[in-house]
Amino acid sequence: MENIICACGHSNPYGTKLCEKCGRPLTEEGKQTKVVDMRYDGTAIRSKTYNKTVIDKIWNFFSNVKVGITLIIITLVAASIGTILPQEMYVNAPEPSKAQYYEKVYGLFGKLYNNLGLSNLYSTWWFQILVGMLATSIIVASLDRGLPLHKSLKNQRVKRHESFMKRQRIVAEGQVPNPDETLDKVEQKMTELKYHVRRDGSALLAERGRFARYGPYINHVGLIIFLAGVMLRLVPGFYVDETIWIREGETRAIPGMDGYFIKNNKFILETHGNKPQDEKMNQGVNAMAKNYQTDVTLYKQPDGALPGDIDNLEKLRDYSIRVNHPLKENGFALYQMNYRLNELRQMNFNLVNKANEEDSLGQIQIDLTNPKKEYDLGNGSSVQILVYTPDFAGFENGEPQTKTSIPNNPAFIFKMKTPETPKGEVSFVEIRKPPFEPLGENKYRMKFAGAEMRNTSNFTIRKDSTIPILFVGGIIFMIGVVIGSYWNHRRLWLQVEPDGRVLMAAHVNKNMYSMKKDLDTVTTFADLPPYEDQLDKSEDVKKSTKEKEGDNTL
Amino acid sequence: MEKKKKRLVIRTIILAVLVLAIGYTVYGTATKDKVELIAVGSQAPDFTLVDLNGEKHKLSDYKGQGVFLNFWGTFCPPCEKEMPAINRQYQVYKDQGVQTLSVNIAQTDFEVQNFVDRHELKFPVVIDKTKDVMTTYNVGNLPATLLIDPDGKVVKITTGEMTEEKIASYMELVKPK
């Protein structure tokens, strides 16, 4: 790994293609070609230089453009496989039955898809490692190429060796009557054409749009910022995506928003058309919804209050959460996401004599959110609730069990006392079922006399502090793309050799047409010898362009 | 030589940072959906809840004593099964400085009172009406039990039904020395 000493005496790092000082080609290949490869301005790509330790080997692996492109292709293919069937989180099925859903809806392919983990592809470890490797490749490859390129562009010499000049695509050679005047004129014209002109003795370098060379690197920086932003979502505090079901009348702590509470005052569902179509509305089928709205009140605990302490909740405001009108507070937003209609809130029963059911001894109204132990009906009759199960699921050891805390299937054990039956009669009452009388035939029974319903709203709570980062990353990325696409780096070298010959060469990283236009102008103005495009008439135009792999705008 | 060394160090640092970032992402995603309680070793978040008699119970009031903190609901059969055992062990350990605090998840007073009466529970039972404490402790599956030592640190977290021996050994764990 020795340095390469150029004929001009300059010592170049191993791997350099064109001498950093004078531009002489240093490789055998370079010496034989007619037009040198100007990618990275002939600097040594760092990865090619050291290959001793494991770290260097890993580094060089990621620095390889072919590896990078392979990673891009693999990631692309993997990401597109994830779009064949809907991802698990978008499948409309309850959590435990999602696996069956794939098989049921998409058959064997669906089952295979799900079993291979493709239904949750973007969260799999291998996909994330793939993206991570791609990011590593972008960073390493950019550092390896960008830094030497930057150094080389910054330290450009005005004077180059003839062998460099002659191997540019655009060359001109000839005699001019007055070299100094020619140089002055070229300087004048090129300055007019907004070139930055530097002179060194009898040599001149006019350069325009150098920053265009940085476009790809800027866009890589944007990409990395974007990926970093996506990663930050996993850091606690940056990204909150919670969900809450809340019934009318309930107050709940908001998950993810410490110290905030929300009360559901009312859920409103409005549909188009005058006739409410009950069953359809219930199923959400064919009902053209006009408005989903939840009227809520937002509360906050006083500073320093402990979790669970709701004594001194401070009312912040009332708000109607509608679709596209989330409740916003402190960087969080609560969106109306879903609803459930008609959950039992209150049940009414009449205490009646079985012999004469029309004659009621009175009605009890059981608030299912707060049932009482005993309801006194006045007239010497009373009803006690011995047991209440909101979601009755059968008996176990003689005790009625509840499946959930939601009143989907309420059941009661009542003890009814009347003047006629002062000891009381026990009855088990389940909704929509005849009463069960464990202690023998009763004279009285609790007759269902209507119910009141309430609705439940579902909100998602979102906070995404990474959005500004994603935004900045995206903008930088676009700036990089625009710079790299719409600007080009044009250079013109002109020097007078000691023997009086004038040598001219020009290089542009893309858009040769723009360069030629400028060249035509300056050639006419300063009476320069006519230039020639070495690739234009050369037979190896096709070959040469074909051979260039990767992005030659770098 | 100096330059090569520097380069190696820089490369190592960059690659290490990237490996850490990827590792963190993979780990973070893998554990994202898991219901995680407060970490063992961390300070148990203080809270205050009201019991069936209207009395307030604050976790920090138990400082200096071990706390057996149990989250439950009447709709959860394993919760119900372990309750009598907890009740018995509570009576064994309460005079040795281990208190039991049981948190019901947002059920009605009636149901909770009924449950307490039926099992003759002696320890305080508070109701988390707004699910605030449940959210703070990130409780998902019931029953969930946390053992808090006299300094207020979480020393053990367990979900699912416990045998009486387990309950006793957990209470032993947080007994003040």
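Residues numbered from 1 in each chain as written. Chains lettered and ligands numbered in written order. Predicted model: local features only at pLDDT ≥ 70, side-chain atom pairs only at ≥ 80, totals over all residues.

1. Here we look at the overall build of chain A
Part 1 of the argument: From N to C terminus, chain A includes 13 helices and 23 strands.
Part 2 of the argument: A globule of 554 residues ought to have a C-alpha radius of gyration of about 24 Å, yet chain A, at 40 Å, is considerably larger.
Part 3 of the argument: When the backbone C-alpha atoms are referred to their principal axes, chain A occupies close to 135 × 50 × 45 Å.
Part 4 of the argument: Looking at the 554 residues of chain A, the share that counts as buried comes to 30%.
Part 5 of the argument: Pairs at least 24 residues apart make up 59% of the contacts formed inside chain A by residues separated by at least 6 positions. (Helix = DSSP H or I, 4+ residues; strand = E, 2+ residues; numbered from the N terminus. Rg over C-alpha atoms; globule rule 2.2 N^0.38 Å. Buried ≥ 20, exposed ≤ 12 C-beta atoms within 10 Å, placed from the backbone. Contact = placed C-beta atoms within 7 Å.)

2. Thoughts on the interface of chain B and chain A
Part 1 of the argument: Taken together, the contact between chain B and chain A spans 39 residues of the former and 37 residues of the latter.
Part 2 of the argument: When contributions to the side of chain B that touches chain A are tallied by element, the ones reaching two or more residues are α1 (2-32), β1 (48-50), α3 (109-119) and α4 (132-136) of chain B.
Part 3 of the argument: Here the side of chain B that touches chain A takes 16 residues from α1 of chain B, the largest share from any one element.
Part 4 of the argument: Grouping the constituent residues of the side of chain B that touches chain A by class yields 16 nonpolar, 13 polar and ten charged. (Nonpolar A, V, L, I, M, F, W, Y, C, P; charged D, E, K, R; others polar.)

3. Some thoughts on helix α11 (residues 512-526) of chain A
All names here are of chain A.
Part 1 of the argument: A rise of 1.5 Å per residue sets the reference length of α11, with its 15 residues, at 21 Å; its end C-alpha atoms lie 21 Å apart and thus fit the reference within 8%.
Part 2 of the argument: Taken residue by residue, α11 has M515, D518, L519, V522 and A526 as its buried positions. In a view along the axis of α11, the buried residues occupy a sector of 105°, so they form one face of it. Opposite the packed face of α11, turned more than 90 degrees from it, sit the exposed residues Y513, K517, D520 and T524.
Part 3 of the argument: Considering only its buried residues, α11 is in contact with β3 (170-175), α7 (179-192), β21 (490-496) and β22 (501-508). (Expected span 1.5 Å × (residues − 1). Arc of directions from axis to C-beta.)

4. Re the sheet that holds strand β6 (residues 144-148) of chain B
Neighbouring strands of a sheet are bound in pairs by backbone hydrogen bonds; such pairs are parallel or else antiparallel.
Residue and element names in this part refer to chain B.
Part 1 of the argument: Pairing is mixed across the open sheet formed by five strands, whose spatial order is β5-β4-β3-β6-β7. The open sheet terminates on both sides in strands that have one partner only, identified here as β5 (125-127) and β7 (154-159). The sheet shows a mean angle of 20° between the axes of neighbouring strands, taken without regard to direction.
Part 2 of the argument: Here seven bridges tie strand β3 (residues 66-72) to strand β4 (residues 98-104), and the two strands are oriented parallel to one another. Its bridge partner being in β4, N70 is matched across the sheet by S102. (Pairing = 2+ DSSP bridges. Axes fitted to C-alpha atoms, helices over the stretch in contact; angles between N-to-C directions.)

5. Notes on the environment of H325 of chain A
Part 1 of the argument: Mapped onto the fold, H325 of chain A is located in the loop between β10 (314-322) and β11 (327-329).
Part 2 of the argument: Residues H325 of chain A and E437 of chain A, 112 residues apart in the sequence, show an inter-C-alpha distance of 52 Å.

6. Some remarks on the confidence of the model for chain B
Residue and element names in this part refer to chain B.
Part 1 of the argument: Looking at chain B as a whole, the pLDDT averages 86, with 96% of positions reaching at least 70.
Part 2 of the argument: The secondary structure element of chain B with the lowest average pLDDT is α1, at 85, and the one with the highest is β5, at 92.
Part 3 of the argument: Quick note on the complex model: pTM equals 0.70, ipTM equals 0.80. (pLDDT = per-residue confidence, 0-100.)

7. Considerations on the nonpolar core
Part 1 of the argument: Formed by 41 residues in total, the largest nonpolar core has its most connected members in F71 and I148 of chain B.
Part 2 of the argument: Mapped by element, the contributors of at least two residues to this core are β3, α2 (77-93), β4, α3, β5, α4, β6 and α5 (164-173) of chain B.
Part 3 of the argument: Contact partners of I148 of chain B, with chain neighbours within four places excluded, come to A44, G66, V67, L69, K153, V154 and V174 of chain B.
Part 4 of the argument: Among the nonpolar cores identified, the runner-up in size contains 31 residues, and I170, L205, L492 and L519 of chain A belong to it. (Core = buried A, V, L, I, M, F, W, Y, C linked by C-beta atoms within 7 Å.)

8. Quick word on the packing of helix α3 (residues 65-81) of chain A against helix α5 (residues 125-154) of chain A
All names here are of chain A.
Part 1 of the argument: The contact between α3 and α5 brings their axes to 9 Å, and the two run at 150°. The pairing of α3 with α5 is recorded here as roughly antiparallel in orientation. Pair α3 / α5 crosses with left-handed handedness. Counting all contacts with α3, which are made through V65, V67, G68, L71, I72, I74, T75 and A78, the residues of α5 involved are F127, L130, V131, M133, L134, S137 and A141.
Part 2 of the argument: Taken together, the residues of the contact of α3 with α5 sort by class into twelve nonpolar, three polar and no charged. (Parallel < 35°, antiparallel > 145°, perpendicular 65-115°, else oblique. Left-handed = near helix turned anticlockwise from the far one by under 90°.)

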